[in-house]
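Close look at the chain arrangement
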Amino acid sequence: NRIRAGLDPLLGNSVFVTNGEVWKRQRRIIDPAFEGGRLKDTFPAMMAAGEAAVARLQAVAGGEVEVEEEMSHAAADVIFRTLFSIPIEHATAAQVFREFRAYQRTQPLLNLAAFLPLPRWFPRLHRGSARRAARTIRGLIADLTTARAAAIVAGTAPDDLATKIMTTADPLTGETFTPAEMVDQVAIFFLAGHETSASAMAWSLYLLALCPEVQEKVAAEAKAMGETPDFSAAARLKYTRDVFREALRLYPPVPMMVRQTTRPETFRNRPVAPGAQVVLSPWHLHRHERHWDAPDVFCPARWQTEAGRKSQREAYLPFSAGPRVCTGAGFAMVEGPLLLALLARAFRFEPLPGAEPVPVAHLTVRAKDGIRLRVTRR
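These lines cover the structure that appears in this document, whether it is placed above or below. Keep in mind that this is a model prediction, so the values were computed, not measured. Once a new chain begins, its residue numbering starts again from 1 and follows that chain's sequence as written. In view of the model being predicted, local features appear only for residues whose pLDDT reaches at least 70, and side-chain atom pairs are presented and counted only at 80 or more, with totals across whole chains, interfaces and linings using the full set of residues. Computation of side-chain values covers all heavy atoms of the structure but excludes hydrogens and water.

To continue, consider helix H2 (residues 20–30). Each residue's exposure class comes from its accessible area (1.4 Å probe, protein chains only) as a fraction of the maximum for that residue type: buried when under 20%, exposed when over 50%, partly exposed otherwise. Secondary structure elements are defined from DSSP: runs of H or I of at least 4 residues count as helices, runs of E of at least 2 residues count as strands, and each element is numbered from the N terminus. Taken together, the buried positions of H2 are occupied by Trp23, Arg25, Gln26, Arg27, Ile29 and Ile30. Summarising the contacts, the buried residues of H2 are in contact with helix H8 (161–167) and helix H9 (179–210). Working rule for contacts: check all heavy atoms of both residues, and any pair within 4.5 Å makes them a contact.

In structure tokens, the structure reads:
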């Protein structure tokens, strides 16, 4: 709940912050939209967003590019195309993107308020500006969901993720999300789907820039997809998927998660009382020498070894784990490799001397001053 407090103005009662029966109902309605068979329906929109990202980079290639910003743009485009069938250039989508960029930098992932039960009157940094941005974002999302609800009633709604989710009934109660409830869910789809994907893709490009031989293998695999790949092509991006997995290992977008115990536990011979806050750290777990060979080395090949597969089972949770595993994990593992393949096929990425990015935890792992690379057309 203390983590939730900072995000509450934006996320409301979304699936990210609810618990118990409310959370179970929300997952029963949301999860079917992200099942494997339905992911195939989102592929054309992902592909269109990837081609648009390539076109935008074509305009600035030939010099230094801040790829974190470019990947934020691309990831937001994917979300709006798959969720509402509109590109990022759509006026409402563009405004949500601008407001969210301002919002996310004001929100540290963990802060003092997360661990100390500070009184309500205690001043929080950026509280006023963050709340204003959150209200603006939610208002824009409300306009989109209200319009979609009307289109569903009229029978004119496109068959995208928003329509699927808004028309899916809870199998236990027969209820669907109201437009007001959908605002909460869209807010977390945008936060989780845009923010985390942007982080993962930007760090992936940085790692490719550091390893030209890996980058060339990704480009070759991408060329083998053909000019107009279909959904089956995504399954053939095996090496690119391993590159993306390795980037998620070294730079997990969510570097730590907080859980609260509901009963007495014992961790490593230490008693943990009910209500204790437990911080799970993928950042540390993914780099732990007890679990990984050469843990600080970027090595996509590890994922095809028995040791790598064992570590994946035991010490890899970029999407969390258990009942609260990210519902969009499968979506991300199609989107990330596809966009990396399209970008590596069109461009070469090289590091800039003296511009090594420094990771910091905002809502996700971002670079302190962005990720600047030299980008040239192939």
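Read on, since the account is not over.
Regions of empty space are outlined by a rolling probe, equal in size to a water molecule, passed over the atoms. Only protein atoms enter the 1 Å grid, on which a cavity is a set of points fitting a 1.4 Å probe that cannot get out and a pocket is an open set with protein on both sides within 12 Å along at least 5 of 7 lines, lining residues being those with an atom within 4 Å of a point. Grid points are joined across faces, edges and corners, and a volume is the space filled by probe spheres set on the points. The volume enclosed by the second largest pocket comes to roughly 250 Å³. In this structure, the second largest pocket is lined by Val279, Leu280, Ser281, Pro282, His284, Leu285, His288, Arg290, His291 and Leu317. Listed by contribution, the elements that provide at least two residues to the lining of the second largest pocket are strand E5 (277–280) and helix H13 (282–285). Per-class residue counts for the lining of the second largest pocket are 5 nonpolar, 4 polar and 1 charged. In the scheme used here, Gly and all other residues not listed as nonpolar or charged are polar, with Ala, Val, Leu, Ile, Met, Phe, Trp, Tyr, Cys and Pro taken as nonpolar and Asp, Glu, Lys and Arg as charged.

Let's shift gears to the side chain of Arg241. By the element assignment, Arg241 lies in helix H12 (residues 238–250). Charge convention: Lys and Arg are scored as positive, Asp and Glu as negative, and His as well as the terminal groups of each chain are ignored. Basic side-chain nitrogens of Lys or Arg form a salt bridge, by our definition, when they fall within 4 Å of a carboxyl oxygen of Asp or Glu. The buried charged residue Arg241 lacks any salt bridge, with Asp242 as its nearest oppositely charged partner at 6.5 Å. Side-chain polar atoms of Arg241 contact the backbone oxygen of Ala234, separated by 2.5 Å. Pairing of N or O atoms within 3.5 Å defines a polar contact, subject to two protein rules: one partner must be a possible hydrogen donor and the other a possible acceptor, and residues neighboring in sequence count only if both atoms are side-chain atoms.

This next bit is on the pattern of salt bridges. Opposite charge on two side chains makes pairing possible when the charged atoms of those side chains draw close. Within the structure shown, the criterion is met by 23 salt bridges. A salt bridge links Arg148 to Asp160; the shortest N-O distance between them is 2.5 Å. Highlighted residues: Arg148 in helix H7 (residues 127–154) and Asp160 in the loop between H7 and H8, separated in sequence by 12 residues. One salt-bridge network, in which partners are shared between bridges, spans Arg25, Glu175 and Glu181.

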